[in-house]
Each structure stands twice: as C-alpha cells, then as structure tokens.
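# Inside the fold
If you want the building blocks of each chain, they are given just below.
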Amino acid sequence: MQVNGAKAIVESLIHLGVTDIFGYPGGAIMPVYDALFNAHKIKHILVRHEQGAVIAAEGYARITDKVGVCIATSGPGATNLITGIADAMLDSIPIVCITGQVANPLIGTDAFQEADIIGMTVPITKWNYQVTKSEEIPHIIAKAFHVAKTGRPGPVLIDITKDAQFGEFEFDLSSIGSFAHENPVVAESELSQAAHLINEAKRPYILAGHGITIANAEKELVEFATKTGIPVACTLHGLSTIDMSHPLYVGMLGMHGNYGPNVLTNEADLIIALGMRFDDRVTGNLNTYAKNAKVIHIDIDLAELNKNVRAEVAIHGDAKEVLTELINHVNPNNHAQWINKFKEHYTLEHETVMHREVTPQPGHKIKMAEVIHKLSQKTAGNAVIVSDVGQHQMIAARYYQFKDPKSHITSGGLGTMGFALPAAIGAKVAAPNREVIAVIGDGSFQMNIQELAVLAQEGLKVKILILNNEYLGMVRQWQELFFEERYSFTALMNPDFIKIAEAYSVPSIRIDSEDQLDKALDTMLNADSSFLLEVMVEKQGKVFPMVPAGCGVSEIRLS
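Residues numbered from 1 in each chain as written. Predicted model: local features only at pLDDT ≥ 70, side-chain atom pairs only at ≥ 80, totals over all residues. Heavy atoms only, no water.

### A word on the overall build of the protein chain
Helix and strand counts for the protein chain stand at 23 helices and 20 strands. For 559 residues, the compact-globule estimate of 2.2 N^0.38 gives 24 Å, and the protein chain sits close to it at 24 Å. Overall, the protein chain is about 70 × 60 × 40 Å in size when its C-alpha atoms are taken along their principal axes. Expressed as a percentage of the 559 residues in the protein chain, the buried residues total 59%. Of the contacts formed within the protein chain by residues at least 6 apart in sequence, a portion of 75% connects residues at least 24 apart. Per element, the accessible surface of the protein chain, about 21,600 Å² overall, is 52% carbon and sulfur. Averaging the coordinates of the 45 positive side-chain charges in the protein chain and doing the same for the 63 negative ones gives two points 5 Å apart. (Helix = DSSP H or I, 4+ residues; strand = E, 2+ residues; numbered from the N terminus. Rg over C-alpha atoms; globule rule 2.2 N^0.38 Å. Buried < 20%, exposed > 50% of the residue type's maximum accessible area, 1.4 Å probe, protein only. Contact = heavy atoms within 4.5 Å. Areas by Shrake-Rupley, 256 points an atom, 1.4 Å probe, with all protein chains shown as cover. Lys, Arg positive; Asp, Glu negative; His and termini not counted. Charge placed at Lys NZ, Arg CZ, Asp CG, Glu CD.)

Rendered as structure tokens:
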C-alpha cells in the first residue's frame, strides 16, 4: 500500500508487536502523532516531560520481555531523552527511542529546534541512525528492535527527518526484513574446566547479576545452586533473581550490601560471576578484591570478560544456556560449613544494625528500614518495588524480601534521581495486574514530580511511598562521615507534597509517628487507585553497613 513515512513507522511498530508507547508531541514528530491518531492497536501514554517517557520505557522493558518504546520531537525533546538513554545503556535495558528531526535540507543550518542527537548519543546507545528517506523506515525500525534486544540489551535511537515522515512510498511488510541471531557457542572444554573448579572448590560463591533476569535464567540459577550447594549473593540489579527466603541466598553485594557477602568475598576460593560486570560498587578497591579466589565469569558481553577482574575461566555466553549446560557437568554437593560462616556474619549484622533499624524506638522518628520492613511483610514480598536513588534506594534493596522474578527495578549504573515515578508508570502499564510501588526520597520525587499527572489521566494504580527526611540523605551521610559534618547545600525546604498530589487528583496522606504507620500502609495498599503516602522519617539516619570509597570489601563498616 502507498503510505507516508509516518504511517510506515506506526505500521512497522504494530508488526513488531508494540502495544504501548510513551511520548510527548512536537513539531518535528507531528506526522507520526497524526498517524497514531487512529492507530487503535497502540496505546500512547502522554508523559509530561520527555525524560519521563524514556524512563517509563525502561520500567516497561524491565518487567516484560519486550522492548520499551518512546517518542519525542527534535531539539529539546530529543535532548531531554539523553539521561534516560544513558541510564538504559549502563543498566542494559532494551529500549527504542524515535525522535523527529528537521527536514533534510535544513540539517546543519541551525534551524529551529535542530540538534545533532545522533552525534550526542553515539557513546550512550548500542546503535543509532538518522533516517532521511521514507523507504528506509521499515527496515531501520526492525533493525532497531533487533539490536536493542539481542546480545547484551541496550538503547537504540532512530532520528527521522520530517520530510522522511511525509514522503510516500510503496509499503510492503516484506521490506521489514528479518534478522538472525545466535548466542555464542560455549566450548565443551570451557564447561569442563569450569565444572572441575566448581567440583573441587571448598568455599565457592555465586555472584548473581542482572544478566540472570535478562536471560530469564532464574530457574536455572536456583537449580544450579541447589545441586552444587553453593551460596548465592546478588548485585543490586540481581535482586529478585532468587527468592530471598531460599536457604542458599546469603544477601546483597556492594557498598551498602550485607556484611557477610562483602567480608567473605575475600575468603572464597572460587567466585562464579553470572551476568554481572564487577563494577566498582561491588568490588571496592580492585587491588584487594578476592585475592584468594579463582574466578569463573559468565557474561553475554565479551567486553566485560577480564575487564575489571581476571577470570580463570571466562565464558562468553547467555546465562540461561551456560547454566543449563553446567548443571549437567557439576557434581551434587553441599557446603554447610561455608554457609554457616555467612549465617554467623548475618547474625552479627542483624544484632548490630538490622534489628535496631526495623524496631520502633519510643520517642524517636520513624526509620526508613522500619517502613520497608513492614511494607515487605504486608505485601508478602510479592510487590514490584521501583526505587529511586539515594538512601531510600539502599534501604529498599536491603529490607524488602523479594520473592518473585522481575520485582526490583531501580537505576543502578547511572544512579538517576527522578527515576522511580516514571519507571513505575512504565512497569504498571506493562503489568497492570501486579502491585507496583514506587519508593522515593523527597529530593528524587521533585525531579520528575510532574508525572503525577499521568496517573490520573491514564487511571494507573501506582502506589507512591515517599520517605521524607528533608535532606539529600545519601550526600548528607557522606558529608557527616567524610567531610566533618559540613552539610553543604543538602538540606531541603520541600513543598507540601500532599497538596501537590491533591492538585494532580492523587489521594494522599502524611504521617509522622510510628503509631500511624500500620494503618497508613494498609490505606495505601488497599486503595483502588493511585495513592501517595508520605512518611516523615528521621532526618539524620544513615545506611549501614558501608564500604567507604577507596576501601576493599572486607573493610566494610557496621557503624
């Protein structure tokens, strides 16, 4: 059929299975919005800022096996996507961003709302491309989805000139084309070598990362760990890959992770790293990291192997496929004595830190951990927790007892404040039958507070839990510990979040005492609509344990 480029974009997206798009219209993308007007197979969610669109696309992709899609106009519309694109790149999230661009003859003339979004996003995309001819559209759109999803996932940006959106051509679905992809083939010798190390190890240790979720390998992870009897710790993005009540789960890695998983890293004789990249928040000082351990590193991204930590066996492959093969190569085993060491360290951490944090203290302000602990109990660990960035993020990761896969969504590599609300919107659109709770600090909330409007307009039942300490809490904690209590520009004079929520037609309440907490959480969880609960928490709370910057993981502090 004879169609213009804009219609071809929409038809290509429908053909590729897209049902939801997040976006914001503007001049250079207007032909596409005109084509969307009667495209009933696609639901468009109108955000209030383009950053909201790209982060919502991330949240959508994180909870499904689909590619998230967002649309923006040229110039500032496109540049407003950049933070979310960088976020998706660092956290391996498959999204496709479609931006409008000024007409081809105007490129390079500093035309109204012209920006070189291709040049700007080269370092933060898996692939980007500028379409200047309408005939290119079907093939390029299909390639964008293929690149975003295969191998190590990530963001792709397609910039389409306005004249290409208007230009007509003979559209044929066969012109979309198909793209073959095969995961790397793992050599039998690598599997045998890895299995030998696993079978011989006395103190082996599994580090489970986001790659487990990406590969849908949660079942294989549990089967592998159960057969070998090896303890499992998770990275921040690895949380929810294994039920936290599983007897082999020993905690979270990282700067604010659990005590045992950090300290015992340097006592392990074998580390099996699954779909994780040994980033600095996990390793601390690389010069002192895991010096007693041989390393088996399994990752779909060849560039990650031997990048930060040298591996005895580096396996380039899909986590699900490699684990499936390894299960058949390893011997049944148990490491009870080794696991007891983790239990001893957990007991110490619980007595020193955790019990105090979750237990109400008469005459004291509510603690963040107490709120998350009760939230976890009331939801039986079954909710999808979408956290923002800061102290509340670490508290949510530490004290929520995740049970189900794809239940933890946060910004890891980039640490993007303002992430939680739009990401929760995307997650709820993708999974309307799951309970989605955005856990947000008062500083982060104001970064994308305008997206409250989407909740009412779309009728989305997202629950918002604001932990308000009237500070940029994580920065304040560092200022207290390492900058001699010079609290430079971290105190916040906040607006009345309840009145703002009311203005956006979102029911809300605020509490400031522990005796109100149970009822308030019940009210939020039982609400048959979006709901905002603001909890005034202690102003100068800190997150411990903590590995100070520049220190090794065994130097983790309990106070």
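This is not the end of the story, as more comes after the structure.
### Examining the side chain of T121
Among the secondary structure elements, T121 is positioned in helix α6 (residues 117-121). Within the structure, T121 has its side chain in polar contact with the backbone oxygen of I117 (distance 2.7 Å). Among residues more than four places away in sequence, those in contact with T121 are I82, I85, N128 and L157. (Polar contact = N/O pair within 3.5 Å; in protein donor to acceptor, adjacent residues only side chain to side chain.)

### Overview of the sheet that holds strand β16 (residues 408-409)
The strand order β16-β15-β17-β18-β20-β19 describes an open sheet built from 6 strands, whose pairing is parallel. Since the sheet does not close on itself, it has two edges, and those belong to β16 and β19 (508-511), each with one partner. Sheet topology note: the strand β17 (residues 436-441)/strand β18 (residues 463-468) ladder contains 5 bridges and is parallel. In the strand pairing of β18, A438 is matched with I464. (Pairing = 2+ DSSP bridges.)

### Some remarks on the packing of aromatic side chains
In this description, an aromatic ring pair is defined by two values, namely the gap between the centres and the angle between the planes. Scanning all chains against the criterion turns up 10 aromatic pairs. Ring centres of F445 and F497 lie 5.3 Å apart, and the angle between their planes is 75 degrees; this geometry places the pair in the edge-to-face category. Taken together, the residues F445 in helix α19 (residues 442-445) and F497 in helix α22 (residues 497-503) connect sequence positions 52 residues apart. A connected cluster of aromatic rings, assembled from ring pairs, spans Y205, W338 and F342. Of note, R476 hangs over the ring of Y471, and the distance from its end group to the ring centre comes to 5.7 Å. (Phe/Tyr/Trp six-rings, centres within 6.5 Å; stacked < 30°, edge-to-face > 60°. Lys NZ or Arg CZ within 6 Å of the ring centre and 35° of its normal.)

### Considering the packing of helix α3 (residues 50-63) against helix α5 (residues 82-91)
Put simply, α3 and α5 touch, their axes get as near as 7 Å, and they point 20 degrees apart. Between α3 and α5, the angle falls in the class roughly parallel. Contact with α3, carried on its side by Q51, V54, I55 and E58, involves T83, G84, I85, D87 and A88 of α5 and no other residues of that element. Looking at side-chain class alone, the contact of α3 with α5 contains 4 nonpolar, 3 polar and 2 charged residues. (Axes fitted to C-alpha atoms, helices over the stretch in contact; angles between N-to-C directions. Parallel < 35°, antiparallel > 145°, perpendicular 65-115°, else oblique. Nonpolar A, V, L, I, M, F, W, Y, C, P; charged D, E, K, R; others polar.)

### Side note on unusual backbone geometry
Of the consecutive residues F544 and P545, the connecting peptide bond is found in the cis state with omega at 0 degrees. Tracing the sequence through the fold places P545 in the segment after β20 (531-536). In this structure, N216 is a non-glycine residue whose phi angle is positive, near 55 degrees. One can find N216 in the loop between α10 (210-214) and α11 (218-228). For N216, a relative accessible area of 28% puts it in the partly exposed group. Despite not being glycine, K406 has its phi angle at roughly 55 degrees, a positive value. Considering the arrangement of structural elements, one finds K406 in the loop between α17 (391-399) and β16. Owing to a relative accessible area of 14%, K406 belongs among the buried residues under this scheme.

### Some words on the pairing of β20
Across the 6 residues of β20, 6 count as buried, placing the element largely inside the fold. Neither face of β20 is open: one carries F531, L533 and V535, the other L532, E534 and M536, and all of them are buried. Examined bridge by bridge, β18 and β20 share 6 bridges and lie parallel to one another. Residue I466 lies in a different strand from β20, and its bridge partner there is E534. Taken together, the 4 bridges between β19 and β20 define a ladder with parallel strand orientation. From the neighbouring strand, R510 faces β20, where its bridge partner is E534. Since β19 and β20 lie parallel, the crossover through helix α23 (residues 517-526) that links them has a hand, and here it is right-handed. (Right-handed = clockwise from strand over helix to strand, strands pointing away.)

### A look at α17
In terms of burial, α17 is largely enclosed, as 9 of its 9 residues are buried. The set of residues buried in α17 consists of Q391, H392, Q393, M394, I395, A396, A397, R398 and Y399.

### Quick look at the pattern of salt bridges
What the rule picks out here adds up to 27 salt bridges. Across the pair E312 and R310 runs a salt bridge whose closest N-O atoms are separated by 3.4 Å. Given the relative accessible area of 32%, E312 is considered partly exposed. Its salt-bridge partner being E538, residue K367 comes within 3.3 Å of it at the nearest N-O pair. Linking K367 in the loop between α15 (336-358) and α16 (368-379) with E538 in the segment after β20, this pair joins segments that are 171 residues apart in sequence. Three or more residues joined by partner-sharing salt bridges are found here, namely K374, K378, E514, D518 and D522. (Salt bridge = Lys/Arg side-chain N within 4 Å of Asp/Glu carboxyl O.)

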